[in-house]
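Now for the letters of each chain:
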Amino acid sequence: MKFHEMEIEQVEKALETDFSSGLTQEEVKERIKQHGFNELEEGEKQSALLLFFSQFKDFMVLVLLAATLISGLLGEYIDAIAIIAIVILNGILGFYQERRAEKSLQALKELSAPQVSVLRDGHWIKVPSKEIVIGDILKFSSGDRIGADVRIIESNSLEIEESALTGESVPVAKHIDCLSNPSPGIGDMENTAFMGTMITRGSGIGVVIATGMKTAMGQIAGLLQSAESQETPLQRRLEQLGKILITVALFLTLLVVVIGIMRGHEIYEMFLAGVSLAVAAIPEGLPAIVTVALSLGVQKMIRQKAIVRKLPAVETLGCASVICSDKTGTMTQNKMTVTHLWSGEQTWTVDGIGYQPTGDFYRNKQKVIPKDEKALQQMLIFGMLCNHSDIYQEDEEYILDGDPTEGALLVSAMKAGLNRSKLLEEFTIIKEFPFDSARKMMSIHVKDKQGRHFIVTKGAPDVILGICESILWDGKSQFLNQDKQTRVQNAINNLASNALRTIAIAFKPISHNTVILSEQEAENKLTLIGIQGMIDPPRPEVKDAVKECKAAGIKTVMITGDHVITAKAIAGELGILTKKSKVVEGKELSQMTVEELEAVVEDVSVFARVSPEHKLKIVRALQNRGHIVAMTGDGVNDAPAIKAADIGVAMGITGTDVAKEASSLVLLDDNFATIKAAIKEGRNIYENIRKFVRYLLASNVGEILVMLFAMILGMPLPLVPIQILWVNLVTDGLPAMALGLDQPEENVMRRGPRSPNEGVFSRGLGWKVISRGFLIGIVTLIAFMIIYHNDPSQLEYAQTIAFATLVMAQLIHVFDCRSEISVLSRNPFGNKYLVWAVISSLALMFVVIYYPPLQPVFHTLPIQAKDWLLIIGLSSVPTFLLAGSFLLRKTK
Ligand code: ATP
């Protein structure tokens, strides 16, 4: 059907919908059944089976399988079957880890999928865009992406950028009239908006005419599927390191094999041992465990209300040195309530809480009836008219649909007994120029019942003052001379110094035949009526969050469009503005170059009355000073700064789709404290990755060295291949995963941010890996030698002792890995996952040592009680020797 050729009433009929109340839930269900979900089909996904088999494509695993096959052919059935079983088990573990990582990434994608405002059963509600059906009524405004193809039925200066479809980046103005062109191109469809296109200005309402693959976007969807790489810098570094480690491991393994053969071991025996050792020593599981740790951390962040949209941000979070945050809604509650009103020489106060529209007005502490106070009444009426929000009651509660600043103006008017629907019977709104953060005001062109036309403007008082030529004073319009300007300025400062956000209301009569086309034409030569001052209390948790950030070497900078004095008052309250720090205003910023800003930026804690485009300059200046910057934002114009920042943070509630798409982190609760929580988690995830990298590598070093030293010393193999593989699977795998879930160390937010260029082995990690690994290898060898030398005929028993010592040494060492400082610096049993992982690894070790049917498989013999003393004593050495040296250093 050609909806663009129809009048909107015809569209309503054709789509069997109702523009005033929308579809009902039943109709929606029915339509989803009929047309399916509003989704673009995705490309083929890797099947589970393929993913499972891909676990065995690793070269060394294939060599191991081949070697096992040979040993099977040579009659070593038990060994062959056992090794294959372990390889399969390893594969299942790898499959499970990768699956889990993939699933959580998918869940993340769904969580950050856009929500749309839709009219259902007479109410505007938010639903995931997937649930939109044909006939749904959608509401959208600047910064939103359109969720489906819609025929526009209401347009307030609506402009849409359609480059995703047309390649044309100049926005197209949209209207509701029908088009006469029967087959216009997409770019000419001025009464239709398309899925995936972006609103750059204004707001509108549309009825859905096509969903999913039937949309214009659906037709070209195949072109859009791009898989963005989600690798983090650490993952990349580990990958490079992995290559080096493989080479080293292979070289050492080869050395073991060659020396072993030279020392008279059988070629076949050494070959299988060598391959097993190579499989064990190559940290092939590392990338998967890193992904699992990252995605588990990401899930933990979700519980703390932060969604990471781009995985690399998890790491960058840990490096953040400056957080630039919006004030309104992020540091404050965004629950505005008008408490003071000023006009001419008079100030009124009004009481009441939140959006509850009950409260009384007072002048000089005397209760007044607003209707009797002309200027007050006019200010309240215009504040209610020049307004785009709505307050409705649901179960005793008053709910705001729209901008809290406007909500406060509605409530103040409602407290005076005014009602918007009744006002709209007296006044007709002819045109609206929506609010934007750069102009800092909004205007309407209205007509009253007597046919008189007005422009009504509301906005930031200092800005409005600049476009007023007169002022309402003692009930009369008077010229805004210097004296009056100073008095208004004093009134603004007075309100702002009490941390009140201020909105001025102004108007001008115009003749009935004037056509106002642009905001420039509307917003000049106005008469100022008065100012409403509203409180927006700080969020209670922000003060502590700012303090914690400070201790963690992270500076907090407030960036706000609000008045400088209001900003200062709140920044002072939150501990952001100190005696030494500076405040810079938007107008100064406009005149500075990035270089000039760079020279002072370290000292600035508050940027006030800024426009979104200033944010980019601030990010650049801070980055040039070597900072890793987190920058928040919500509007379309914030997107460039969000993108340029190292960590772009978008607001989940008030944020536009465009801001969210540009961001790497979305705050579900718009709360500053959540950024802090995410940074803390980001630091912890990185530390946890370091912990298990350290554990796994030290274990591998130990495994290789014990074999190498034994060969050099001309001894028999201290471990048989299946034991090596078992250690690799059981002792290494589970505890390493548990380390990935470790809680942060106490001082994680008391040290400075990490350098983003830090290598994997920095901060002593390399030394820890080598020293612990070396000691683990040595004690295992000593345990083996003691038993073997005592009675060389007891080789299998000595191997069992070596196996147990190696396992025990690693399981004790894993507790050491929990701290960067020492095993003694935190409660070793604080991580319950780790305790259980260690208990299960121990149990599995006991099973293969003491369960008779498994003894021939693992070449083990039951260890006697007295030998456990030797095992425990030796296996504690690597950890406690170094803990002792730590204590010694500490007491010195
Ligand atoms: P932040 O950047 O911290 O979120 P903000 O919300 O105060 O700060 P803007 O939304 O850009 O920043 O608002 C700037 C100023 O514009 C406000 O101080 C207020 O005076 C005025 N203002 C805000 N909202 C409206 C609105 N809906 N209509 C008219 N003026 C508004």
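Residues numbered from 1 in each chain as written. Predicted model: local features only at pLDDT ≥ 70, side-chain atom pairs only at ≥ 80, totals over all residues. Heavy atoms only, no water.

1. Points about the site of the ligand
Keep this limit in mind: Being near a molecule or strand, for a residue, means having at least one of its heavy atoms within 4 Å of it. We define a polar contact as two N or O atoms separated by no more than 3.5 Å, with the added condition that, inside protein, one atom must be a possible hydrogen donor and the other a possible acceptor, whereas residues neighbouring each other in sequence contribute only through side-chain atom pairs. For every accessible area listed, the method is Shrake-Rupley and the probe measures 1.4 Å; residues are considered covered only by the protein chains on display. Elements are defined by DSSP. Helices are runs of H or I of four residues or more, strands are runs of E of two residues or more, and each kind is numbered from the N terminus. Nonpolar residues are Ala, Val, Leu, Ile, Met, Phe, Trp, Tyr, Cys and Pro. Charged residues are Asp, Glu, Lys and Arg, and all others, Gly as well, are polar.
Of all residues adjacent to the ligand, which total 20 residues, the nearest are Lys327, Thr328, Asp403, Arg501 and Asp562. Side-chain polar atom of Ser437 to an oxygen atom of the ligand: 3.3 Å apart, as the coordinates give it. In this structure, Thr502 approaches the ligand through a main-chain N or O atom, which is 2.9 Å from an oxygen atom. For the ligand, whose accessible area on its own is 620 Å², the fraction buried by protein is 92%. Counting only elements with at least two residues in the shell around the ligand, the list comes to helix H14 (404–415), strand S18 (453–459) and strand S21 (501–510). If you tally residues by element for the shell around the ligand, the top one is S21, at three residues. In terms of residue class, the shell around the ligand is made up of four nonpolar, seven polar and nine charged.

2. Some details on the sheet that holds strand S27 (residues 647–651)
Selection criterion: A pair of strands is labelled paired if DSSP reports no fewer than 2 bridges between them. All axes here are fitted lines through C-alpha atoms, helices being fitted over the stretch that makes contact, and every angle between N-to-C directions spans 0 to 180 degrees. In this analysis, two residues are considered to be in contact whenever any of their non-hydrogen atoms come within 4.5 Å of each other.
Strand order in the open sheet made by the eight strands is S8-S28-S27-S26-S9-S23-S25-S24, with mixed pairing throughout. The open sheet has two edge strands, strand S8 (306–308) and strand S24 (582–585), and neither has a second partner. Between one strand axis and the next, the sheet turns by 20 degrees as a mean value, whatever way the strands run. Relative to strand S25 (residues 604–608), strand S23 (residues 555–559) is paired through two bridges, and the arrangement is parallel. Bridging across to S25, Ile559 finds its partner in Phe607. Strands S23, S24 and S25 of the sheet are contacted by helix H20 (residues 564–573), whose axis makes an angle of about 145 degrees with S25. In this fold helix H26 (residues 672–712) packs onto S8, strand S9 (322–326), S23, strand S26 (629–633), S27 and strand S28 (665–667), with an angle of close to 155 degrees to the strand it touches most, S9.

3. Overview of the state of the cysteines
This is how the line gets drawn: Cysteine sulfur atoms that come within 2.5 Å of each other are treated as a disulfide pair. Each residue is placed in one exposure class: buried if its accessible area under a 1.4 Å probe, protein chains only, is under 20% of its type's maximum, exposed if it is over 50%, and partly exposed if it falls in between.
In total, this model carries zero disulfides according to the counting rule given. Cys319 forms no disulfide, and the closest cysteine sulfur to it belongs to Cys549, at a distance of 15 Å. In this structure Cys549 is a free cysteine whose sulfur lies 12 Å from that of Cys324, the closest cysteine sulfur available. Using a relative accessible area of 0% as the deciding quantity, one classes Cys549 as buried.

4. Overview of empty space enclosed by the protein
Put simply, the rule is: Throughout, the protein atoms alone are placed on a 1 Å grid, and a set of points is a cavity if a 1.4 Å probe fits but cannot get out or a pocket if it is open with protein on both sides within 12 Å along at least five of seven lines; lining residues have an atom within 4 Å of a point. Grid points are joined across faces, edges and corners, and a volume is the space filled by probe spheres set on the points.
Within this structure, the stated rule accounts for three cavities of 30 Å³ or more. When its volume is computed, the largest cavity comes out at roughly 40 Å³. With four residues, H26 is the largest single contributor of residues to the lining of the largest cavity. Taken together, the residues of the lining of the largest cavity sort by class into two nonpolar, one polar and six charged.

5. Quick word on the pairing of strand S16 (residues 427–436)
Where S16 lies against strand S17 (residues 441–448), seven bridges are found, and the strand directions are antiparallel. Along S17, the bridge assignment pairs Thr428 with Lys447. Counting the residues in the hairpin turn of S16 and S17 gives four residues, including Lys440, whose phi is positive at 65 degrees.

6. Some points on the packing of aromatic side chains
How we decide: The criterion for an aromatic pair is that two Phe, Tyr or Trp rings (for Trp, the six-membered ring) have centres within 6.5 Å, with stacked assigned to planes under 30 degrees apart, edge-to-face to planes over 60 apart and tilted to the rest. Sitting over a ring, as applied to charges here, requires NZ of Lys or CZ of Arg to be within 6 Å of the ring centre and within 35 degrees of the ring normal.
With the rule as written, the count across this model stands at eleven aromatic pairs. Ring centres of Phe382 and Phe454 lie 6.3 Å apart, and the angle between their planes is 55 degrees; this geometry places the pair in the tilted category. Residue Phe382 is found in helix H13 (residues 374–385), and its partner Phe454 is found in strand S18; the two are separated by 72 residues along the sequence. Classification of Phe454 by relative accessible area gives buried; the value is 11%. Site record: aromatic cluster; members linked through ring pairs are Phe382, Phe454 and Phe507. When the ring centre of Tyr686 is taken as reference, the NZ or CZ atom of Arg754 above it lies at 3.3 Å. Its end group placed over the ring of Tyr833, Lys832 keeps NZ or CZ at 4.8 Å from the ring centre.

7. Some points on the domain arrangement of the chain
Test applied: Reported domain spans reflect what an automatic or database domain assignment gives. A 1.4 Å probe defines the accessible area here, and the buried area is the portion of it lost by two parts on being joined, summed over both. When a carboxyl oxygen of Asp or Glu lies within 4 Å of a side-chain nitrogen of Lys or Arg, that pair is called a salt bridge.
Each assigned domain of the chain is listed with its residue range as follows: domain 1 (3–42 + 108–226), domain 2 (233–302 + 678–745 + 758–891), domain 3 (306–332 + 540–670) and domain 4 (342–531). Computed from C-alpha atoms alone, the centre-to-centre distance between domain 1 and domain 4 is 34 Å. Each partner contributes residues to the interface: domain 1 has seven residues there, and domain 4 has five residues. Around 530 Å² of area is buried between domain 1 and domain 4 when both sides are counted, 37% of it from carbon and sulfur atoms. Looking at the side of domain 1 facing domain 4, the largest losses of area belong to Asn156, Ser157 and Arg201, adding up to 56% of the total buried there. For the pair domain 1 and domain 4, the interface holds two salt bridges. There are three residue pairs in polar contact (both at pLDDT 80 or more) connecting domain 1 and domain 4. Looking at the side of domain 1 that touches domain 4, the elements with two or more residues in it are strand S4 (149–161) and strand S7 (198–210). Broken down by element, the residue count for the side of domain 1 that touches domain 4 peaks at three residues, all from S7. When the residues that make up the side of domain 1 that touches domain 4 are grouped by side-chain class, the tally is one nonpolar, four polar and two charged.

8. As for the nonpolar core
We count it as follows: In plain words, nonpolar cores are sets of buried Ala, Val, Leu, Ile, Met, Phe, Trp, Tyr and Cys residues tied together by side-chain atoms within 4.5 Å.
Core analysis: the biggest nonpolar cluster contains 133 residues, and Leu665, Ile689, Phe692, Val693, Met707 and Phe803 have the highest contact counts within it. No other element matches the 20 residues that H26 contributes to this core. Of the residues that make up this core, three or more belong to each of domain 2 (233–302 + 678–745 + 758–891) and domain 3 (306–332 + 540–670). Residues contacting Phe692, with those up to four places away along its chain left out, are Leu286, Ile289, Val290, Ala293, Ala736, Leu739 and Gly740. Of all hydrophobic cores here, the second largest spans 39 residues; its members include Met379, Leu410, Leu418 and Met442.

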